[in-house]
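Secondary and tertiary structure notes
Listed below, chain by chain, are the residues.
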Amino acid sequence: MSKFHHRLARTGLITAAFAALVLSGCGGGGGGSEDDASAPQSAGPSSIVADPAPGTGYPAGSEEAAAFALLNAERSHCGFGTVAQNAQLDTAARGHADYQLINHFSSHVQTPGRPGFTGESSLDRVIAAGYRSPAAVYDLITSVFGSSELAGRGRASVRLLLSAPYHVTGMLSPTREIGISIRSSDQVNSTATHGPRTVEQYDLALKAGLTPQLPGTADVLTYPCAGTSGTATSLRSETPNPVPGRDLFSNPIGQPVLVTIRQGRDLVIRSTSVKEVGTDGLVGAAVALLPTLSAGNDPAQILGKHEAIILVDRPLRPATSYLVAVAGTNNGEAFERSFTFTTGNDSR
């Protein structure tokens, strides 16, 4: 079983999502959950005086290196800008990954006094690790219960997080630095007590005073975008549920499409379509879509006015290309976009 979480410390945004061959409720696989709905947090100046430390590069062949490379490739290809490795964020990410394994929880929040405690919130943890004056921190987690095998978890966790409407925005956030830690219960000696498990922890952050990586005023960015390949084919669960009342495990939706413009501007989607493209290059019939998710109809009230999610009503086919067409207005200015992306070989 795997599950993934996303939190934005600056606004107190918390979402949780689950996707795997076997699913259960929050804290599945015997684990508990400490997720909360805390009040908005302010990332004010800290007392830490050390400058953020640039990373020296993840070890070649490591899962962290694989995750870092894939995420930056996807961000760069679709125009979101790359993020730099930061050693202090790595420290915070590893501490929280280990805390979850040791205590058998999946949570953004730590409890003082528990083994491995490094800070209550993601904001607390990055500051404790020496990351000075964070303006924003995104805390994203995937976890697999029932296996302590790390091989492949880096790339798989990135794909999972990019396939969920309330998580893709964190992975493609206008931050500039990242810390990654991909850990196993074997590494913290918790397998015998709680069973085999892995945790994949991502901490993306922007230091106060740095300019966020925002698109230009006329830009319309998407994910997937033209030429993206290897995406997930389906979304089997997310909390908050982007389709309330629908059991996504038994009735999953397809890889969603994020449409976003510069923060502070108003995005209006007028029309959308997704069509399967055959191996002969011929465009087939339209794929069924759900109403586009936007700030105006978002049941979780998470999306901003500058972003929308095209929701595909059924899982997409593996290793298949799809033609996306979207039209709307960017702060009143009309736009049209058309592009093709290709799903991966998995069928999740």
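Here is a short report on the structure shown in this document.

So, how was this worked out
Residues numbered from 1 in each chain as written. Predicted model: local features only at pLDDT ≥ 70, side-chain atom pairs only at ≥ 80, totals over all residues. Heavy atoms only, no water. Pairing = 2+ DSSP bridges. Helix = DSSP H or I, 4+ residues; strand = E, 2+ residues; numbered from the N terminus. Axes fitted to C-alpha atoms, helices over the stretch in contact; angles between N-to-C directions. Disulfide = S-S within 2.5 Å. Salt bridge = Lys/Arg side-chain N within 4 Å of Asp/Glu carboxyl O. Buried < 20%, exposed > 50% of the residue type's maximum accessible area, 1.4 Å probe, protein only. Core = buried A, V, L, I, M, F, W, Y, C linked by side-chain atoms within 4.5 Å.

In this section: the sheet that holds strand 14 (residues 293-294). Taken in spatial order, the four strands of this open sheet run 7-11-15-14, and their pairing is antiparallel. Unpaired on one side and paired on the other, strand 7 (221-223) and strand 14 mark the two borders of the sheet. Sheet topology note: the strand 11 (residues 257-260)/strand 15 (residues 307-310) ladder contains four bridges and is antiparallel. Bridged to T260 within strand 15 is E307.

Before going further, it helps to examine the sheet that holds strand 16 (residues 321-330). One open sheet holds the five strands; their spatial order is 8-17-16-12-13, and the pairing between them is mixed. A single partner strand is all that each edge strand has here, and the edge strands are strand 8 (229-231) and strand 13 (283-286). Going from strand to strand, the sheet's axes swing by 45° on average, the running direction of each strand aside.

Let's shift gears to the state of the cysteines. Enumeration according to the criterion identifies one disulfide in this entry. Each disulfide pairs two cysteine sulfurs, and for C78 the partner residue is C225, the sulfurs being separated by 2.2 Å. Between C78 and C225, the S-S dihedral sits near -85°, and the bridge is therefore left-handed. Of the two residues, C78 sits in the loop between helix 1 (63-77) and strand 3 (84-85) while C225 sits in the loop between strand 7 and strand 8, which places them 147 residues apart along the sequence.

If the charged atoms of two oppositely charged side chains come close together, the side chains can form a pair. Following the criterion strictly, the structure yields nine salt bridges and no others. One salt bridge connects D313 with R246, and the closest N-O pair in it is separated by 2.6 Å. In this pair, D313 sits in the loop between strand 15 and strand 16 while R246 sits in the loop between strand 9 (234-235) and strand 10 (253-254), placing the two residues 67 residues apart along the sequence. The class for R246 is buried, based on a relative accessible area of 12%. Taken together, the salt bridges that share partners define one network made up of R94, D98 and R183.

Ranked by internal contacts, the top residues of the largest apolar core, which has 38 residues, are V158, Y202 and Y223. Of all the secondary structure elements, the ones that give two or more residues to this core are helix 1, strand 4 (134-145), helix 4 (153-161), helix 5 (165-171), strand 5 (177-184), strand 6 (197-207) and strand 7. Of the residues forming this core, the biggest block, four residues, is contributed by helix 1. Counting residues in each nonpolar core, the second largest holds 17 residues, with V220, V259, A308 and V312 among its members.

Attention now moves to helix 4. With seven of nine residues buried, helix 4 lies mostly within the body of the structure. Along helix 4, the positions that sit buried rather than exposed are R153, G154, S157, V158, R159, L160 and L161.

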